[in-house]
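Survey of secondary and tertiary structure
Each chain, written out:
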Amino acid sequence: MGRSPGLRSASLRDCISATGSDPRLHAVLRQPSSAPEVRSSLLPVRNLPGCPILACVFWEARVGHLFLRNTDGMMMRPLLAVALVIAGMLVQSGVLGAQSCEGLARLALPNASITSAQVVTAGAFEPPDSAVGASSDLPAFCRVAATLKPSSDSDIKTEVWLPVGGWNGKLLAVGNGGWGGPIDYGAMSDGLRRGYAVTATDDGNPTRGKGEFVYGHPEKLIDFAYRSEHEMTVKAKAIVRAFYGRDPRYSYWDGCSGGGREGLLQAYRYPDEFDGIIAGDPADFRRNAWALWLANATFKNPVDYIPPSKYPMIHQAVLDACDAIDGLKDGLIDDPTRCHFDPKVLQCAGEDKPSCLTAPQVQTARTILSPATTRSGQEIFPRLEPGTELRWGRLAGGPEPAPLFLDYFKFVVFKNPNWDWRTFDLERDSALANQAGEDTVALNPDLKRFAGHGGKLLLYHGWADQQVAPGATVEFYNSVSAMNGSPAASSAWVRLFMAPGMAHCGGGEGPNTFDKISTMEQWVEHGKTPDQIIASHSVNSKIDRTRPLCPYPQTAAYRGSGSTDDAANFVCR
Ligand SMILES: [Ca+2]
C-alpha cells in the first residue's frame, strides 16, 4: 500500500489518536463483510475533528484493513485495494465533506438550531417514559435533536436518527397523530431498524393531545398544519447530507390519522419532497364538525344515550344483517356501503332491556349510521360505517367531546376557550370550520404536481374506523382520480386500500397489520405497483387470519375452496 502524496506521518498519528477511541470504530469492526456494508460503515467515521482529509482516507483504509483481515485473511491485499478504491470514490463523490456525529452539533442551518448530536450505542437508547412503542433494543445511531423556528413564534422540536452502520441510503419521515405532541419514538425505532435515516417532529406542540397551543398563535397553527413537517424534512435532508456526505437515494413519508393528513398536505404543498407517501386514515379536519354533531345527537340529552353495554348487541345485529352480503359469513363486512341496517329492528317491544333499544336510542343509532347533512340534504361528512358498533364510545360515549375534535372549535374557529359545544349548529358551524382551516389544515386533492414529479401515494383506511369516517378517504381518492382524468390513469401513482374490519389505524376484527413501507419500497424502487397487500389479524400475538387488501374499488373474493383465514385462497377483483 503506497502512501498518499503529501500525507505526513505525524498527521496520520494525530488522526488515529483522535479517532482510535471513538465507539464507532468498534461498530465498524462488528459489521458484516459485504462491500456495501464496508462502504456505509465507513461513512460515519470520516473527517473527524483535527483529522486531515488524506489522513482520514488512509485511516479508513486501515479500518478496512483490520476489518477485512478479520473476515478473510487470505483476501486481505485485494480487498484492501478495494477499500482504497472505495475511499478514492468517496473523495470523488464529496463524501469526505461529511461530518462526525458530534460535529453535527456545529452544523449551521437556517432558522434552526441543533440542540444535541450524540452517538447512541447499540441497545443504549433510553426512551422517555411517555414514549409509546419505543424500546432500547436499537442498533447504534447518531441521535440529532433540533429546534426549528420558521417564524418568530415557532418552537418546533424535531429529531433525526442516523444509523451508524448499515444505512440503507434512504430517509423516512414519520407523521404525528391528533394535535401532535411528543415525537413518535416508536415509529422512529421501526424505521431505524429497517436501516433508514428517520425523522419526526412534535408539530410545534409542547403538550399531548390538546390543541390549546395554537390559541392566539396563528403561526403555530401553520406549523401544526404543514410547516413543521416540511421544515423537519428539509433539515433532515441537510443533516443526512452532512453526516453521510450524500443525499438520500429515496425519501418516504409514513403517517396515519393526523400523520395521514400531514402526508397529504406535504404531497399537495411540497410535491418534490418525497418519492412515496403513505397516508393512512387521514384525519380530514371536516371530521371535527361531524364529531360535534354526533356529540349533540348522542349524549347531550341523557335520553338519547346508548350505554356501551349495548354495543355488542347492536354489532351482532348488524353482522346478522350484512356479513353475508359479500358472499362470505366471516364476521367481516367487506363493503359496508352495501349494508343498509335499520336499528328499528332492535326497538324494545315494551320496557327498556339490555337486549333492545328504546325509541330515542333507535334514533341515536340511526344518526350514527347516517352522514352529516345540511337541512337540504347535502352531505357534509360521510357516516360512521356499519361494523364499527363496538367502538361507538369514541364519538358517542360522552360525557364531553374529545379535545381532538372540540379544541379546533374552541381555539381555531371561535377563539374562545369557554365556547360551549352544546350550542353547535352543524350547517352554520361546519361552514365556519371550513373557512377557518381552508388555508392551513384543509386537504386538497389536486396532487398533479406530486404525480408529475413521479411521486407514489399509498392511501389506506379501515372500514371499521371509529374516529374518521372512512368514506371521507374514498371521496378524497375519487377526487384525486377525477383530477387526473380517470381512476385507470391515476392508478399508476395513487392507490387506495380499504381494510374491512380494521379500526382507526389498526386494531379491530379484520386483518389490520400490513407492511406499508415494504410495499412502497417495491413500488418506488422496483416499479411494482401494489395489486394487493397481505394483511394479518392476530390474537395474543398469534396470527389467526390473513387476507389480501385490494386496491379500491376491488375487494378480496374467496376462490371457493381452502381456509377462509388464508390469504392464498382469495383474489382481488
Ligand atoms: Ca363477510
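Anything mentioned here points back to the structure above.
Residues numbered from 1 in each chain as written. Predicted model: local features only at pLDDT ≥ 70, side-chain atom pairs only at ≥ 80, totals over all residues. Heavy atoms only, no water.

Observations regarding empty space enclosed by the protein
This is how it is decided: Put plainly, a pocket is an open set of points on a 1 Å grid over the protein atoms alone with protein on both sides within 12 Å along at least five of seven lines, a cavity is a set where a 1.4 Å probe fits but cannot get out, and a lining residue has an atom within 4 Å of a point. Grid points are joined across faces, edges and corners, and a volume is the space filled by probe spheres set on the points. Amino acids are sorted into nonpolar (Ala, Val, Leu, Ile, Met, Phe, Trp, Tyr, Cys and Pro), charged (Asp, Glu, Lys and Arg) and polar (every other residue, Gly among them). Segmentation into domains, and thus their bounds, comes from an automatic or database assignment.
If you walk through the whole model with that rule in mind, you get six cavities of 30 Å³ or more. Put simply, the largest cavity is a space of about 80 Å³. Every residue lining the largest cavity is counted, 13 residues in all, and those nearest its centre are I333, P386, G387, A464 and G501. A class-by-class count of the residues in the lining of the largest cavity yields eight nonpolar, four polar and one charged. Lining the lining of the largest cavity are residues from two domains, each supplying at least three of them: domain 2 (102–283 + 445–511) and domain 3 (287–436).

Remarks on the coordination of the calcium ion
Each donor-metal-donor angle would ideally measure 109.5 degrees in four-coordinate tetrahedral geometry, or 90 or 180 degrees in six-coordinate octahedral geometry. Threshold: Distances decide who is a donor: an N, O or S atom must be within 2.8 Å of the metal, or within 3.2 Å for Na, K and Ca. Water is not included, so sites may look incomplete. When a residue's accessible area, from a 1.4 Å probe over protein chains only, is under 20% of the maximum for its type it is buried; when over 50% it is exposed; and in between it is partly exposed.
Here the calcium ion is held by the protein donor atoms D323 (O), D323 (OD), D326 (OD), D326 (OD), L328 (O), D330 (OD) and L332 (O), which lie 2.3 to 2.6 Å from it. Read N to C, the donor residues that coordinate the calcium ion are spaced as D-x2-D-x1-L-x1-D-x1-L. As far as the burial class goes, L328 and D330 line up, both buried.

A word on the nonpolar core
The condition is simple: Side-chain atoms within 4.5 Å are what join buried Ala, Val, Leu, Ile, Met, Phe, Trp, Tyr and Cys residues into a set we call a nonpolar core. Under the DSSP-based scheme used, a helix requires at least four consecutive residues in state H or I and a strand at least two consecutive residues in state E, with every element numbered from the N terminus.
In this structure, L104, L162 and L457 are the most contacted members of the largest nonpolar core, which totals 110 residues. Here this core gets 13 residues from one element, more than from any other, and that element is helix α7 (residues 218–244). Split by domain, the residues of this core number at least three in each of domain 2 (102–283 + 445–511) and domain 3 (287–436). The next biggest cluster of nonpolar side chains, apart from the first, holds 32 residues, and it includes V174, V198, F497 and A535.

Regarding the sheet that holds strand β10 (residues 456–462)
The strands making up a sheet associate through backbone hydrogen bonding, with each pair oriented either parallel or antiparallel. Condition: Only strands joined by at least two bridges in the DSSP assignment are considered to pair. Note on geometry: axes are C-alpha line fits, over the in-contact stretch for helices, and angles between N-to-C directions span 0 to 180 degrees.
Taken in spatial order, the nine strands make up an open sheet running β1-β2-β3-β5-β4-β6-β7-β10-β11, and their pairing is mixed. Two strands lie at the open edges of the sheet, namely β1 (112–120) and β11 (494–499), each paired on one side alone. Adjacent strand axes in the sheet meet at a mean angle of 15° when their direction is disregarded. The pairing of strand β2 (residues 141–148) with strand β3 (residues 156–163) spans eight bridges and is antiparallel. Along β3, the bridge assignment pairs L148 with I156.

Here we look at the packing of helix α9 (residues 287–298) against helix α13 (residues 403–413)
What counts here: Roughly parallel means an angle under 35 degrees; roughly antiparallel, over 145; roughly perpendicular, 65 to 115; everything else is oblique. We call two residues in contact whenever any of their non-hydrogen atoms come within 4.5 Å of each other.
One can describe the packing of α9 onto α13 by two numbers: an axis separation of 9 Å at closest approach and a directional angle of 105°. On the basis of their axis angle, the class for α9 and α13 is roughly perpendicular. Contact residues: α9 offers R287, N288, A289, A291 and L292, while α13 offers L404, F405, L406, Y408 and F409.

Looking at the state of the cysteines
Going by this rule: Pairs of cysteine sulfur atoms within 2.5 Å are identified as disulfides in what follows.
A full pass over the atoms with the stated rule returns five disulfides. Here C256 connects covalently by a disulfide to C505, the sulfurs 2.0 Å from one another. Taking the torsion about the sulfur-sulfur bond, which here is approximately -100°, the covalent link between C256 and C505 counts as left-handed. Here C505 lies in the loop between β11 and α18 (516–526) and C256 lies in strand β6 (residues 250–256), a separation of 249 residues in the sequence. Assessed through its relative accessible area of 19%, C256 is described here as buried. Residue C505 is classed as partly exposed on the basis of its relative accessible area, which comes to 29%. Put simply, C348 and C356 are joined by a disulfide, and their sulfur atoms are 1.9 Å apart.

With respect to the layout of surface pockets
The volume enclosed by the largest pocket comes to roughly 1,000 Å³. Sorting the residues of the lining of the largest pocket by element identifies β4 (170–174), α6 (185–193), β6 and α18 as the ones contributing at least two each.

Observations concerning the pairing of strand β12 (residues 533–539)
Every regular strand shows the same layout, with side chains that alternate between the two sheet faces. One ladder, built from seven bridges, connects β12 with strand β13 (residues 542–549); its direction is antiparallel. The residue bridging S536 from the neighbouring strand is T546, located in β13. Turn length for the β12-β13 hairpin, with the two strands adjacent in sequence and antiparallel, is two residues, and the turn residue N540 shows positive phi of about 50°.

A word on α13
Because each turn of an α-helix spans 3.6 residues, side chains separated by three or four positions end up pointing in the same direction. Along α13, 10 of the 11 residues are buried, which leaves the element largely enclosed by surrounding structure. If you check which residues of α13 are buried, you get L404, F405, L406, D407, Y408, F409, K410, F411, V412 and V413. Tucked into the core, α13 has its buried residues touching α7, α9, α12 (393–396) and α14 (426–437). Downstream of α13 by one or two residues, K415 has phi in the positive range, about 50°.

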